[in-house]
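Overview (structure and organization)
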Amino acid sequence: MTALFAALLALWIVGFVVSECRPAFQQIGLTRFVTDDGWNPTRGAYGVAPMVAASVLIALGALLLALPLALAAAICQLAYAPPWLARVLRRGLELLAAVPSVVFGFIGLVTLVPWLTRIAPPGASLLAAALVLALMVLPTLTLMVEEALAGMPHAERAAAAALGLSRSTVVLRLALPRAQRGIHAAVLVSMGRALGETMAVLMVSGNVVQWPRTPFTPVRTLTANIALEMAYATTLHRSALFVSGLLLLATTVALLLVAAWRIAATRGEPTHA
Amino acid sequence: MRELARGRQAGERLLAGVAWAGAAIVVALFTLLVVDLARRGGGELSWNYLVEEPRDAGRSGGIASVLVGTAGLLALAIGFAVPLALGTAIFLDDAGAATASRTSRWLAAAVRRSLELLGGVPSIVFGLFGNALFCRAFGLGYSMLAGGATLACMVLPLMTAAFDDGFRRVPSADRAAAAASALSRSTTLRHVLLPRALPLLVAGIVWSVARALAETAALLFTSGYVDRMPTSLLDSTRSLSVHVWDLAMNVAGGDARACSAALLLLLLVFAIQTLARGSLRWLLRDAVRGSPKEAA
């Protein structure tokens, strides 16, 4: 009975969000969400394209910034750091993975934004949001990459040691190729988190609805838009916000499904050890 | 030959350098982050801050009502989620038995997969759902009850996964012994499965508390952000995380107080995580099977 509730909860959420979307679908229509020039619900403009672009660019930027660091840190933990240090690092990252996103947003607001303001006013911008999100996804990303890299079978490790292969050969030629799918999955999961993140982005991105022309442009993401307008939105406007929620839901679920498929493919792969 | 060897050695050093530098940057970034917050917010933290009510939109006074609201939200979330997660985990355990029917196996796989996906749904979407269902359809309005119920939905995947893991770690010898003694399903559950799974039941609850405490976006338009002392479950209330957001974004001159609240929130989350790890370790101290890390 309760299990049925748990199974249905997912469907229920989708169903509820879809049903709240219906007025918007009927009266605005899907195409206008793309073609309308700008977002101004009081004047009947419902174009979400600039916000979608901002969301995607911020998430991509965050991943681009975080992935090299995560890779380097994971390789260090695995191949270079002494075991005690690797363990301390892992514990630290596990702890940091639980830091509330509002805390990341706040730190970004009081330290990063004033600093960026001096370089390129107004400071709150696409770049600020990407930097804060990079920091936010870093702990989990590093942990997942490390886990993927550590998947090398013992026999293979022993064989590499017996052959006298150097550490860089073991890391770059053996561990990395094997971990590829796992790393892809880690990136996709982090991407889903970055796209769906609200608070951290809301606090540092500037929240102006416009096309992101430079990294220093203040932008508004889909998530921030919902958080900002939900409190006072009524009727059609409210329904339009649910449409953007549905879009977010569909995108993150799709990313997770691909990630799960990548991970499943790794498990099914025959080991050559 | 020597040239080649030298080139290889340089490559070796390069990778080592990059790896160490990467790790050092990660450590430095997070150390800076925590130290900066502690420096900014540490001065304001005091006993009075915890027990006084906020005044002047939180610019002065304390956070007593916010702490009460947070505790209420967490208690409601855990109260709603535990029975649901436990029921689901017991069902999944049943479906894993050799005698389970094909339909229930299929259903179990579907439940696991849908919970996995639910775990990745953005919190703002949970907020939309909670607003539409609990605030509107159930007529609860912005209230502690609606916020708690929304949080319960959010932590359900995490909690169920931990409970499920706990049951899966019960040694099959124990189950066989229970079956051989002709114990009924409920006796087996109460005297064999639950005690054996206890470490992960506790850890699952503690992890869920940490997750719920960290949540902000799902609460903005389910529990709202009134900062008065809540007197009933139907009152709108604000959690500590929402307090940080409101002070930082909506209250001019609220930054200093937002720092203290953010620092307190961070310390609480760290303390809870450490508690979860410690208690899991202690409870698993004589269980040989598996390490607590796998459960995380």
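Note that the coordinates shown come from a computational prediction; the quantities given were computed from them, not determined experimentally.

This brings us to the overall build of chain A. Looking only at helices and strands, chain A has eleven helices and two strands in total. In chain A, the succession of α and β elements from N to C terminus is α-α-β-β-α-α-α-α-α-α-α-α-α. Taken over 273 residues, chain A has a buried fraction of 48%.

Below, the discussion takes up the overall build of chain B. A tally of regular secondary structure across chain B gives twelve helices and two strands. From first element to last, N terminus to C terminus, chain B shows the α and β order α-α-β-β-α-α-α-α-α-α-α-α-α-α. Relative to the compact-globule value of 19 Å for 296 residues, chain B shows a C-alpha radius of gyration of 24 Å, a clear excess of over 25%. If you line up chain B on its principal axes, its C-alpha atoms span 80 × 70 × 35 Å. In chain B, buried positions account for 45% of the 296 residues. Across chain B, the fraction of contacts at a sequence separation of at least 24, relative to all contacts at a separation of at least 6, is 73%.

Here helix α5 (residues 101-119) of chain A crosses helix α10 (residues 240-250) of chain B at 20 degrees, and the two axes come no closer than 10 Å. Judged by the angle between their axes, α5 of chain A and α10 of chain B are roughly parallel. As for the relative orientation of α5 of chain A and α10 of chain B, their crossing is left-handed in sense. Of the residues in α10 of chain B, those in contact with V102, F106 and L109 of chain A of α5 of chain A are S241, V244, W245 and A248 of chain B. For the contact of α5 of chain A with α10 of chain B, the per-class residue count stands at six nonpolar, one polar and no charged.

Moving on: the confidence of the model for chain B. Residues and elements named next belong to chain B. Overall, the predicted model of chain B reaches an average pLDDT of 85, with 95% of residues at or above 70. Confidence scores differ between elements of chain B, with helix α12 (residues 292-295) showing the lowest mean pLDDT of 43 and helix α6 (residues 144-168) the highest of 92. Taken as a whole, residues 288-296 scores under 50 in pLDDT and shows twelve contacts with residues more than four places along the chain or in a different chain. If you check the scores for this complex, the pTM reads 0.87 and the ipTM reads 0.88.

Attention shifts here to the environment of A28 of chain B. When you line up the elements, A28 of chain B lands in helix α1 (residues 2-41). We classify A28 of chain B as exposed; it has 10 C-beta atoms within 10 Å.

Let's shift gears to the interface of chain A and chain B. Taken together, the contacts link 61 residues of chain A with 65 residues of chain B. The dominant element in the side of chain A that touches chain B, judged by the number of residues it contributes, is helix α1 (residues 2-27) of chain A, at eleven residues. In terms of residue class, the side of chain A that touches chain B is made up of 45 nonpolar, 13 polar and three charged.

With that settled, consider the environment of F129 of chain B. Among the structural elements, F129 of chain B can be located in helix α5 (residues 123-137). Those residues in contact with F129 of chain B, other than ones at most four positions away along the chain, are I13, F16 and V17 of chain A.

Both trends apply: most residues other than glycine have a negative phi, and most peptide bonds are in trans. The backbone phi angle of N207 of chain A is positive, close to 60 degrees, even though this residue is not glycine. The backbone of A182 of chain B sits at a positive phi, close to 55 degrees, despite the residue not being glycine. Relative to the helices and strands, A182 of chain B resides in the loop between α7 (172-180) and α8 (185-214).

With that out of the way, let us pick up the nonpolar core. Judged by nonpolar contacts, the single largest core of 178 residues is most densely connected at F106 and L133 of chain A together with V244 and A262 of chain B. By residue number, the principal contributor to this core is helix α6 (residues 126-149) of chain A, which donates 19 residues. Discounting chain neighbours no more than four positions away, the residues touching L133 of chain A are I58, A62, A194, E197, A200 and V201 of chain A.

Residue and element names in this part refer to chain A. Taking 1.5 Å of rise per residue, the 19 residues of α5 would be expected to cover 27 Å, and the 25 Å separating its terminal C-alpha atoms lies within 8% of that figure. Remark: the principal bend of α5, roughly 40 degrees, maps to L109. Listed in full, the buried residues belonging to α5 are S101, V102, V103, F104, G105, F106, I107, G108, L109, V110, V113 and L116.

Our focus in this paragraph is the packing of helix α3 (residues 64-95) of chain B against α8 of chain B. Residue and element names in this part refer to chain B. Relative to each other, α3 and α8 sit at 140 degrees, their axes nearing to 11 Å. Between α3 and α8, the angle falls in the class oblique. Between α3 and α8 lies a crossing whose hand is right-handed. Contacts between α3 and α8 involve L74, A77, I78, A81, V82 and I90 on the former and, on the latter, L189, I205, S208, V209, A212 and L213. Residue composition of the contact of α3 with α8, grouped by class: eleven nonpolar, one polar and no charged.

How each quantity is defined
Residues numbered from 1 in each chain as written. Chains lettered and ligands numbered in written order. Predicted model: local features only at pLDDT ≥ 70, side-chain atom pairs only at ≥ 80, totals over all residues. Helix = DSSP H or I, 4+ residues; strand = E, 2+ residues; numbered from the N terminus. Buried ≥ 20, exposed ≤ 12 C-beta atoms within 10 Å, placed from the backbone. Rg over C-alpha atoms; globule rule 2.2 N^0.38 Å. Contact = placed C-beta atoms within 7 Å. Axes fitted to C-alpha atoms, helices over the stretch in contact; angles between N-to-C directions. Parallel < 35°, antiparallel > 145°, perpendicular 65-115°, else oblique. Left-handed = near helix turned anticlockwise from the far one by under 90°. Nonpolar A, V, L, I, M, F, W, Y, C, P; charged D, E, K, R; others polar. pLDDT = per-residue confidence, 0-100. Core = buried A, V, L, I, M, F, W, Y, C linked by C-beta atoms within 7 Å. Expected span 1.5 Å × (residues − 1). Bend = angle between axes of the 7 residues up to and from the residue.

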